Amino acid sequence: MPRDQLYNTTMYILCAMLIVGLICNYLIKPVDPKWHMSAEEVAKLRAATAKSSAPTPSGSFGIGFGGLDARAALFWAFVGIPLAWGVWITLQSAARFSD
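From a predicted model like this one, the values you see are computed outputs, not experimental measurements.

(A) Region of interest: the overall build of the protein chain. What the protein chain contains, in helices and strands, is 3 helices and 0 strands. The burial tally for the protein chain puts 0% of its 99 residues in the buried class. Roughly 9,900 Å² of accessible area belongs to the protein chain as shown, and the carbon and sulfur atoms make up 70% of that amount.

(B) Highlighting a nonpolar patch on the surface. The grouping of Met-1, Leu-6, Tyr-7, Met-11, Ile-13, Leu-14 and Met-17 at the surface amounts to a nonpolar patch, some 800 Å² of accessible area in total. Inspection of the secondary structure puts Met-1 in the segment before helix 1 (8-27). Judged by its relative accessible area of 77%, Met-1 is exposed.

(C) Summary view of helix 3 (residues 70-98). With 29 residues, helix 3 extends 41 Å from end C-alpha to end C-alpha; this agrees with the ideal 42 Å at 1.5 Å per step. Along helix 3, the sharpest change in direction is near 25 degrees and occurs at Ala-77. Burial runs low along helix 3: only 0 of the 29 residues are buried.

(D) Spotlight on the packing of aromatic side chains. Counted by the stated rule, this structure contains 0 aromatic pairs. Lys-29 extends its terminal NZ or CZ atom over the ring of Tyr-26, reaching a point 4.3 Å from the ring centre.

Reading the values: the criteria
- Numbering of residues starts from 1 in each chain and follows the order in which that chain's sequence is written.
- In keeping with the model being predicted, local features are shown solely for residues with a pLDDT of at least 70 and side-chain atom pairs are shown and tallied solely at 80 or more, while totals for entire chains, interfaces and linings include all residues.
- The side-chain numbers reported here are obtained from all heavy atoms of the structure, hydrogens and water having been left aside.
- Only DSSP runs of H or I reaching four residues or more are called helices, and only runs of E reaching two or more are called strands; each is numbered from the N terminus.
- Accessible area is worked out with a 1.4 Å probe on protein chains only. A residue is then buried under 20% of its type maximum, exposed over 50%, and partly exposed in between.
- Accessible surface is estimated by sampling points in the Shrake-Rupley manner with a 1.4 Å probe; for residues, cover comes only from the protein chains shown.
- Patch definition: residues above 30% relative accessible area lacking any salt bridge, with like charges linked at up to 9 Å and the nonpolar side chains Val, Leu, Ile, Met, Phe, Trp and Tyr linked at up to 5 Å.
- Here, a salt bridge means any side-chain nitrogen of Lys or Arg that lies within 4 Å of a carboxyl oxygen of Asp or Glu.
- To estimate the expected span of a helix, count its residues, drop one, and scale the result by 1.5 Å.
- One fitted axis covers the seven residues ending at a residue, a second covers the seven starting there, and the bend at that residue is the angle between these axes.
- Pairing of aromatic rings covers Phe, Tyr and the six-membered ring of Trp, with a centre-to-centre limit of 6.5 Å; geometry is then stacked below 30 degrees between planes, edge-to-face above 60, and tilted otherwise.
- Definition used: whenever NZ (Lys) or CZ (Arg) falls within 6 Å of the ring centre and also within 35 degrees of the ring normal, the charge is taken to sit over that ring.

Encoded structure:
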């Protein structure tokens, strides 16, 4: 393959991914007001959760409070293993240039 055409396919793939991302960003719309909670509903929910003395926490934990269970570890491995492999291949290729 000629050196000037080495990255053509990669650039077309990256361009397609950018176009898909642009379309996805365009399709995101605000939530319809019919799904919003009224002030009375929010107050009732807060009162109900304040009264309940559940032994385990429930609801939204927020970022960093959910813990790492088997499912989360599986998804991190799904992302982390290919990422680590890509970093390893890149470092090997860079080491060849330094010789």
